Amino acid sequence: MAKKPNVLFILTDDQGAWAMHCAGNPDIYTPNLDRIAASGMRFDNFFCASPVCSPARASLLTGKIPSGHGVLDWIRSGNVDGAKFAAQGKENPYADGYDQERLPIAYLEDQVGYTDVLAEHGYHCALSGKWHLGDSVRPQHGFEKWYTLGLGGCCYYHPDIVENGTIEVKHGTYVTELFAQKALEYLDELSGGDRPFYLAVHFTAPHSPWEKEHHPKKWIDYYEDCRFESVPDVPDHPDLLTGPVYGTEKRRENLRGYYAAVSAMDEQVGRILDALEAKGLREDTVVVFTADNGMSMGQHGIWGKGNATFPMNMYDSAVKVPFLISWPGRIPQGRVCSHMVSAYDWFPTLLELLDIDNPHGAELPGKSFLCSLEGNGAKQEGEVVIFDEYGPVRMIRNREWKYIHRYPYGPHELYHLTEDPEEQNNRYGQPEYEEKSLELKRKLEQWFLRYVNPEIDGTREGVTGSGQLCRPGIYACRTDVYPPVGT
């Protein structure tokens with residue numbers, strides 16, 4: 001039997017679909033992302049499952065919606081054993097969050113990730129980068145090699161690195177380079193074996209902080225004179241939680257740091273691609289590049305993702321993410337696919353691409369988009385609808401319409417995307433659009449009724465965007481199991 005292809009899966013943190021040169025942004029320098037796109041396919045309508053990190057990552061891994069796997073917000077507590085690793089917080093004033101930790105919680109311990117399936121089929125799975133799905137110190141879900149962060153994020157030059165069951169603060173080393181270097185070491189170890197490998201490289205870039213001291217001077221200087229004309233300069237959104245920005249120097253500082261983080265990450269992607277080619281592995285490796293969730297960096301006057309506003313937002317800039325995939329000889333090169341696909345479609349797609357049976361296909365909401373990857377020009381059959389959720393906020397979107405419902409009281413939104421692609425004119429509440437609103441609301445509720453686990457339904461869990469402290473539903477933050485933060 002022929003050896004199955006390797007997989008290099010690169011995931012970034014808070015990168016909007018617009019933040020790549022190959023996506024039409026002339027201001028940003030991403031030659032290595034452009035390189036992946038040129039050697040494969042770029043999707044310009046790829047959507048995350050939730051516009052915030054942990055739920056989005058959990059959905060990529062499990063193929064389930066947040067109200068199906070139970071990670072409903074970014075994980076604020078349950079990453080590490082707070083008592084055991086208290087010293088890491090004390091010695092590192094940049095590692096904000098260790099004082100929130102009590103007991104480690106494996107948030108997805110009762111779920112199946114596609115890496116579990118890959119491991120069962122002989123894949124050697126390795127992680128270098130952000131995890132942020134709970135119990136960070138313990139390797140999970142088929143991963144045999146494990147190099148990550150104690151918490152969900154870090155300052156770029158002060159990462160709290162998990163390796164071999166310990167946490168060490170690496171002061172003065174840029175975390176993007178650290179993750180790339182460890183990926184290269186894993187590549188050396190894995191490439192000589194008789195098993196295919198799945199190498200996950202999860203960068204924290206381009207997540208904040210964006211001040212100039214947090215990124216290499218080379219890249220800060222590169223954008224010193226950039227006018228950032230490709231990003232709207234509009235007044236702050238009235239519901240913005242991270243302002244004020246408009247009319248201040250903060251806009252320029254944010255964009256300069258964000259773009260610098262992207263280019264610094266792109267540089268490290270190039271090192272990994274070069275190593276793959278030098279080892280003669282490029283033809284035998286599926287290379288994937290995507291992000292956990294989108295990001296607004298001035299779009300709609302928002303600086304952040306779904307929880308940059310309250311109530312949480314579902315603008316396309318927050319829910320659309322980059323998606324590049326390359327496998328020479330199998331996936332056509334230099335193509336752009338406009339099919340609408342979602343993060344919950346990735347699980348079945350990867351398994352079909354690797355010719356691995358998917359024993360969980362019937363229970364998952366996603367469908368394989370392998371036909372899109374084959375580049376035969378076929379149209380998507382039937383109505384294609386994308387769904388998103390963030391706690392009490394749910395979205396249904398097709399090519400023409402987007403409807404956002406906020407439980408229990410609103411406000412709700414309706415956008416006619418073919419006439420209003422920038423989502424500037426909310427038509428909800430206008431009498432002539434009442435029927436369309438009701439039609440989309442019915443479809444939304446029917447779909448979620450099918451895939452929600454009622455015990456962990458995000459509309460009933462009080463999700464506010466300020467972080468998740470414990471498992472939802474039947475676990476209900478029981479103080480005998482998970483002492484509340486502050487005790």
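It should be emphasised that the depicted structure is a prediction, and the values quoted were computed from it without experimental measurement.

Criteria and thresholds
Residues numbered from 1 in each chain as written. Predicted model: local features only at pLDDT ≥ 70, side-chain atom pairs only at ≥ 80, totals over all residues. Heavy atoms only, no water. Helix = DSSP H or I, 4+ residues; strand = E, 2+ residues; numbered from the N terminus. Rg over C-alpha atoms; globule rule 2.2 N^0.38 Å. Buried < 20%, exposed > 50% of the residue type's maximum accessible area, 1.4 Å probe, protein only. Pairing = 2+ DSSP bridges. Axes fitted to C-alpha atoms, helices over the stretch in contact; angles between N-to-C directions. Patch = residues over 30% accessible without salt bridge, like charges linked within 9 Å, V, L, I, M, F, W, Y side chains within 5 Å. Areas by Shrake-Rupley, 256 points an atom, 1.4 Å probe, with all protein chains shown as cover. Salt bridge = Lys/Arg side-chain N within 4 Å of Asp/Glu carboxyl O. Lys, Arg positive; Asp, Glu negative; His and termini not counted. Charge placed at Lys NZ, Arg CZ, Asp CG, Glu CD. Phe/Tyr/Trp six-rings, centres within 6.5 Å; stacked < 30°, edge-to-face > 60°. Lys NZ or Arg CZ within 6 Å of the ring centre and 35° of its normal. Disulfide = S-S within 2.5 Å.

### With respect to the overall build of the chain
Point 1. Scanning the chain from N- to C-terminus turns up 12 helices and 18 strands.
Point 2. On C-alpha atoms alone, the chain measures out to a radius of gyration of 21 Å, which is about the 23 Å that the 2.2 N^0.38 rule sets for 487 residues.
Point 3. Structurally, the chain occupies a C-alpha span of about 65 × 60 × 50 Å along its principal axes.
Point 4. Burial statistics for the chain: of 487 residues in total, 61% are counted as buried.

### Examining the sheet that holds strand β16 (residues 393-397)
Point 1. Sheet architecture is open: four strands sit in the order β15-β16-β17-β18, paired in antiparallel fashion. In this open sheet, the two edge strands, each paired with only one partner strand, are β15 (386-390) and β18 (413-416). Within the sheet, the average angular offset between the axes of one strand and its neighbour, ignoring direction, is 10°.
Point 2. Sheet analysis places β16 next to strand β17 (residues 401-406), joined by five bridges and oriented antiparallel. Opposite R397, over in β17, you have K402 as the bridge partner.

### Some words on a negative patch on the surface
Point 1. A cluster of acidic residues, E352, D355, D357 and E374, forms a negative patch at the surface.
Point 2. Within the fold, D355 resides in the loop between α10 (346-353) and α11 (370-373).
Point 3. Under the relative-accessibility criterion, D355 is labelled exposed at 64%.

### Section: the packing of aromatic side chains
Point 1. Per the stated rule, a full pass over the model turns up 37 aromatic pairs.
Point 2. Ring geometry for F387 against W447: centres 4.0 Å apart, planes inclined by 5°, an arrangement best described as stacked. Taken together, the residues F387 in strand β15 and W447 in helix α12 (residues 434-451) connect sequence positions 60 residues apart.
Point 3. Overall, W447 belongs to the buried group, its relative accessible area being 15%.
Point 4. One aromatic cluster in this structure is built from F9, F43, F46, Y114, W131, F143, W146, Y198, F323, W346, F347 and F369.
Point 5. Directly above the ring of F448 sits R394, whose terminal nitrogen or CZ lies 4.3 Å from the centroid.

### Quick look at the state of the cysteines
Point 1. Counted by the stated rule, this structure contains zero disulfides.
Point 2. The structure places no disulfide on C48, whose sulfur is separated from the nearest cysteine sulfur, that of C53, by 11 Å.
Point 3. The buried category is assigned to C48, whose relative accessible area is 1%.
Point 4. The thiol of C371 is not disulfide-bonded; the next cysteine sulfur, from C337, is found 8.4 Å away.

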